[in-house]
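For reference, the chains in residue letters:
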Amino acid sequence: MTDLFIHFFHSPVMMESLLPTLLIAVVTATMSVMVLAHRLSFLTVGVSHSSLAGLGLASLLGLPLLPSATGFAVLIALLLALMPQKKGISEDAGTGILFAGSMALGITLISTSTSQVNLFGLLFGSILTISATEQLWLWLLAAIILTSCLLACRSWWSIAFDATTAAANGLPVHGLRLLLYGIIGLTAILCVKLAGIILTAGLMILPASCAWLWGRSLSGLWLLSLLFSLLGSGIGLLTSYAMDWPAGPAIVLALCVLFIASWGISWLKNRVR
Amino acid sequence: MNQPLLAIHDISFSNGKQTILEHISLTLEAGHFLGIVGPNGAGKSTLINLIAGLQQPDQGHIDLFGQCLKRFNRRRLLKKVGFLHQLHDQQPRLPMRVCDVVLMGLPGYANPLTSAGKHRQRILQALRHTDMEHAFDADYRNLSGGQRQRVRLARALVHQPKLLLLDEPSAALDSKRQEKLYALLRRLCDEQGTAIIMVDHDIAAISSHVDSVACLNRHIHHHARKGESIPDHIWQSMYGEHIQLMAHDAACIGCAPATGHSHD
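Just so you know, these numbers come straight off a predicted model, no measurement behind them.

Undergrad: Mind showing me how you'd approach the packing of aromatic side chains here?
TA: Note on aromatic pairs: each is described by the distance of the centres and the angle between the planes. By the definition in use, this model includes five aromatic pairs over all chains. Taking the centre distance of 5.3 Å and the plane angle of 90 degrees together, the rings of A:Phe8 and A:Phe9 count as edge-to-face. Taking relative accessible area as the criterion, A:Phe8 reaches 3% and is therefore assigned buried. What links up through ring pairs into an aromatic cluster is the set A:Phe5, A:Phe8, A:Phe9 and A:Tyr241. Above the plane of the ring of B:Tyr109 lies A:Arg154, whose end atom (NZ or CZ) is 4.6 Å from the centre.

Next comes the structure, spelled out in structure tokens:
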């Protein structure tokens, strides 16, 4: 076991990816609290998948991948925020339509593109091959997300608790919701490098889900979510190194195990009481 | 007479298909307790929402604290208003302590450094008003419906509003708690000069506490001050021909047998 740690910390590839992984863990832990509070789990699935269309478009036109995908994901998230207001379509149907449509568009564009795209990496993540430019992009996105969160978390929480009273207290509920959806779009893109398009939703839902059973307030929930997220990412990355598994799926699996443990202990505790 | 806290000038509102409110005018001075009664779908909640700036009237305007309520000054004016709406989603999902729920009613809540500990005294005072101070640290999700309603009321009171808008605040409360609530509201009017508008369906329960009662069904059919009665034909035009009036308390507004004179 000690050997594993020593080898892990001496592996340049692992060291290179450790910091971005932990950064992503902090961001997703924070945002997952809001995703759960506003019941936006399906939105995170939709937005992360729709980024494939952005990536496809970028690879076809030779644009930089991450910035194009970011723009596209934010656009889709904002569209989803505005769509339910136009009567006749529910939010989950809207998410489903945009999700399937943009996924289809993405695959078609990538298959016709002449440039080589690592589709498996896009779908399941490739944090171990992160470039310096991508690192810079991750830090920039993380800074934007965490700053917005710090400024708006209380307002978002208040809206999730009781939107009508929040509006009557003078909060710009509509604008704050748009901001939340946009920031969720940014977070999804941040995760795509680590967990890929398909597993991103796991990172954005699981940390707060583990914490939800134990937290009693917003700050308590956030701290627990952070703890679970960092623990899951650490265990996942270590396991991926030891077993030679891809890092993204290993982290999501570790978080799933933590969730089951958290749920089981909470269930036992309630039974004993 | 003091300048009114609230002046509603001839407002009308429709939801696109049908007219909900028509030609409503109303003024309210500090310390006045107004009850609004009317049948289901009469527009009672809509009127409260219009005053709280949640919806905009199609015509007419609302003056709050001497200023016309507009989009740009809405946030500043609403800081002095307490608001309690009817709750449809009964089961709370978010993990919250009671003190955090009340803290949400303070204007500084958006600042992440504001904590319930820093405002402990104010929160306790608001909870004391509704007899919930013992639950300061309790998990809001574990409270009963009536207890949650009292915590929500404490949230509406914590910033000591000058105008309080309450939509069926007694809905989840037993009759003893209802009486306590009405007595508390009366005290706020008399001691702190708070103006209150309360929507309630039970005119008999509120009539001995309020200063006046407005009968609303799309427009204000009648506005009775304390000691006045509401004529039979008003009741019938609001609720239909089949209503039978039973006078059970001579002191209560609207309950005494009609004498036929109209106030407005």
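Undergrad: Help me understand the pairing of strand 4 (residues 59-64) of chain B, please; the structure alone is not making it clear to me.
TA: If a strand is regular, its side chains alternate between the two faces of the sheet. All names here are of chain B. As defined by bridge partners, strand 1 (residues 6-14) adjoins strand 4 across five bridges and the pair is classed as antiparallel. Within strand 4, the position partnered with Ser12 by the bridge is Gln59. Two elements, strand 4 and strand 5 (residues 67-68), share two bridges in a ladder whose sense is antiparallel. Its bridge partner lying in strand 5, Asp63 is registered against Cys68.

Undergrad: Please explain the environment of B:Gln67 as it appears in this structure.
TA: Residue and element names in this part refer to chain B. You can see Gln67 is positioned in strand 5. Sequence separation between Gln67 and Leu6 is 61 residues, and the spatial gap between their C-alpha atoms is 9.1 Å. Among all residues touching Gln67, those that are not within four sequence positions of it are Ile62, Asn73, Arg76 and Leu77. At a separation of 3.2 Å, a polar atom in the side chain of Gln67 contacts the side chain of Arg76.

Undergrad: Is there a simple way to explain the interface of chain A and chain B in this structure?
TA: Interface size, as often reported, equals the accessible area lost upon joining of the parts. Across the contact, 28 residues belong to chain A and 28 residues belong to chain B. Interface area for chain A against chain B, summed over the two sides, is near 2500 Å², with a carbon-plus-sulfur share of 54%. When the buried surface of chain A facing chain B is broken down by residue, A:Arg154, A:Phe161 and A:Arg216 rank first, second and third, together holding 32% of it. At the surface where chain A touches chain B, the tally comes to zero salt bridges. There are 12 residue pairs in polar contact (both at pLDDT 80 or more) connecting chain A and chain B. Breaking the side of chain A that touches chain B down by element, the ones donating at least two residues are helix 2 (12-37), helix 7 (132-161), helix 8 (163-168) and helix 10 (218-243) of chain A. Among the residues forming the side of chain A that touches chain B, the class breakdown is 16 nonpolar, eight polar and four charged.

Undergrad: Mind showing me how you'd approach a nonpolar patch on the surface here?
TA: A cluster of nonpolar side chains, contributed by A:Leu57, A:Leu60, A:Leu61 and A:Leu63, occupies part of the molecular surface with about 350 Å² of accessible area. Tracing the backbone shows A:Leu57 in helix 3 (residues 41-61).

Undergrad: Looking at this model, I keep getting lost on the pairing of strand 8 (residues 195-199) of chain B. Mind explaining?
TA: Residue and element names in this part refer to chain B. The buried count for strand 8 comes to five of five residues, which makes it a mostly enclosed element. On strand 8, burial covers both faces: Ala195, Ile197 and Val199 on one face and Ile196 and Met198 on the other are all buried. Bridging between strand 3 (residues 33-37) and strand 8 involves four bridges; their strand directions are parallel. Residue pairing in the sheet places Ile36 in a bridge with Val199 of strand 8. In this sheet, strand 8 lies alongside strand 7 (residues 163-167) in parallel orientation, the contact comprising five bridges. Bridged to Leu166 within strand 8 is Met198.

Undergrad: What exactly am I supposed to notice about the sheet that holds strand 4 of chain B here?
TA: In a beta sheet, neighbouring strands are held together by backbone hydrogen bonds and run either parallel or antiparallel to one another. Residues and elements named next belong to chain B. Sheet architecture is open: four strands sit in the order 2-1-4-5, paired in antiparallel fashion. Both edges of this open sheet fall to strand 2 (19-28) and strand 5, since each of them pairs with a single strand only. By the bridge criterion, six bridges tie strand 1 to strand 2 in an arrangement that is antiparallel. Bridging from a neighbouring strand, Phe13 pairs with Leu21 of strand 2. Where helix 1 (residues 44-51) meets the sheet, it contacts strand 1, strand 2 and strand 4, and its direction lies at approximately 125 degrees from that of strand 1.

Undergrad: In this structure, what is going on with the packing of helix 3 of chain A against helix 5 (residues 91-112) of chain A? I would like to understand it.
TA: For any two helices packed against each other, one specifies the inter-axial angle together with the distance between the axes. Residue and element names in this part refer to chain A. With their axes 7 Å apart at the nearest point, helix 3 and helix 5 run at an angle of 25 degrees to one another. Between helix 3 and helix 5, the angle is such that the two are roughly parallel. Here helix 3 runs over helix 5; the crossing is left-handed. Partitioning the contact of helix 3 with helix 5 into residue classes produces 14 nonpolar, 10 polar and one charged.

Undergrad: Help me understand unusual backbone geometry in this model?
TA: Most peptide bonds take the trans configuration, and most residues that are not glycine carry a negative phi. Residues and elements named next belong to chain B. Within the chain, Asp10 stands out as a residue other than glycine whose phi angle is a positive 50 degrees. In this fold, Asp10 is placed in strand 1. Classification of Asp10 as partly exposed rests on a relative accessible area of 33%. The backbone phi angle of Glu168 is positive, close to 50 degrees, even though this residue is not glycine. Note on placement: Glu168 falls in the loop between strand 7 and helix 6 (175-192).

Undergrad: What am I meant to see in the packing of helix 9 (residues 173-212) of chain A against helix 11 (residues 247-272) of chain A here?
TA: Residue and element names in this part refer to chain A. Packing of helix 9 against helix 11 brings their axes to within 9 Å, and their N-to-C directions diverge by 25 degrees. By the angle between their axes, helix 9 is roughly parallel relative to helix 11. Of the two possible hands of crossing, helix 9 and helix 11 adopt the one that is left-handed. Where helix 9 abuts helix 11, its residues Leu194, Ala195, Leu199, Leu203, Leu206, Ser209 and Cys210 lie against Gly248, Pro249, Ile251, Val252, Leu255, Cys256, Leu258, Phe259 and Ser262. When the residues that make up the contact of helix 9 with helix 11 are grouped by side-chain class, the tally is 13 nonpolar, three polar and no charged.

Conventions and cut-offs
- Every chain's residues receive numbers from 1 upward, in the order its sequence appears when written.
- To label them, take the chains in the order written and letter them from A, then take the ligands in the order written and number them from 1.
- Per-residue local features are limited, in this predicted model, to residues with pLDDT of at least 70; the limit for side-chain atom pairs, both in listing and counting, is 80 or more; totals at the level of whole chains, interfaces and linings are taken over all residues.
- Water and hydrogen atoms were dropped before computing side-chain values, which therefore reflect all heavy atoms in the structure.
- Here a Phe, Tyr or Trp ring, Trp counted by its six-membered ring, pairs with any other such ring whose centre lies within 6.5 Å, and the pair is stacked when the planes are under 30 degrees apart, edge-to-face when over 60, and tilted otherwise.
- Only protein chains enter the area calculation, which uses a 1.4 Å probe; residues under 20% of their type maximum are buried, those over 50% are exposed, and those in between are partly exposed.
- Placement of a positive charge over a ring is assigned whenever Lys NZ or Arg CZ falls within 6 Å of the ring centre and within 35 degrees of the normal to the ring plane.
- For two strands to be treated as a pair, DSSP must find at least two bridges joining them.
- Every helix listed is a DSSP run of H or I at least four residues long, and every strand listed is a run of E at least two residues long, numbered separately from the N terminus.
- We call two residues contacting when some pair of their heavy atoms lies within 4.5 Å.
- Here a polar contact is taken to be a pair of N or O atoms separated by no more than 3.5 Å, where protein atoms must pair a possible hydrogen donor with a possible acceptor and residues adjacent in sequence count only if both atoms sit in side chains.
- Each of two parts loses accessible area, computed with a 1.4 Å probe, when they are put together; buried area is these two losses added.
- Every case where a carboxyl oxygen of Asp or Glu lies within 4 Å of a side-chain nitrogen of Lys or Arg is listed as a salt bridge.
- In the scheme used here, Gly and all other residues not listed as nonpolar or charged are polar, with Ala, Val, Leu, Ile, Met, Phe, Trp, Tyr, Cys and Pro taken as nonpolar and Asp, Glu, Lys and Arg as charged.
- To count toward a patch, a residue needs a relative accessible area over 30% and no salt bridge; like charges are then connected within 9 Å, while nonpolar side chains (Val, Leu, Ile, Met, Phe, Trp, Tyr) are connected within 5 Å.
- Areas reported here follow the Shrake-Rupley algorithm with a probe of radius 1.4 Å; residue values treat only the protein chains shown as occluding.
- As a rule, the C-alpha atoms of each element are fitted with a line to give its axis, helices using only the stretch in contact, and angles between N-to-C directions run from 0 to 180 degrees.
- Note on terminology: angles under 35 degrees are roughly parallel, angles over 145 are roughly antiparallel, angles of 65 to 115 are roughly perpendicular, and the others are oblique.
- The hand of a helix crossing depends on one turn: near helix anticlockwise from the far one by less than a right angle means left-handed, and clockwise means right-handed.

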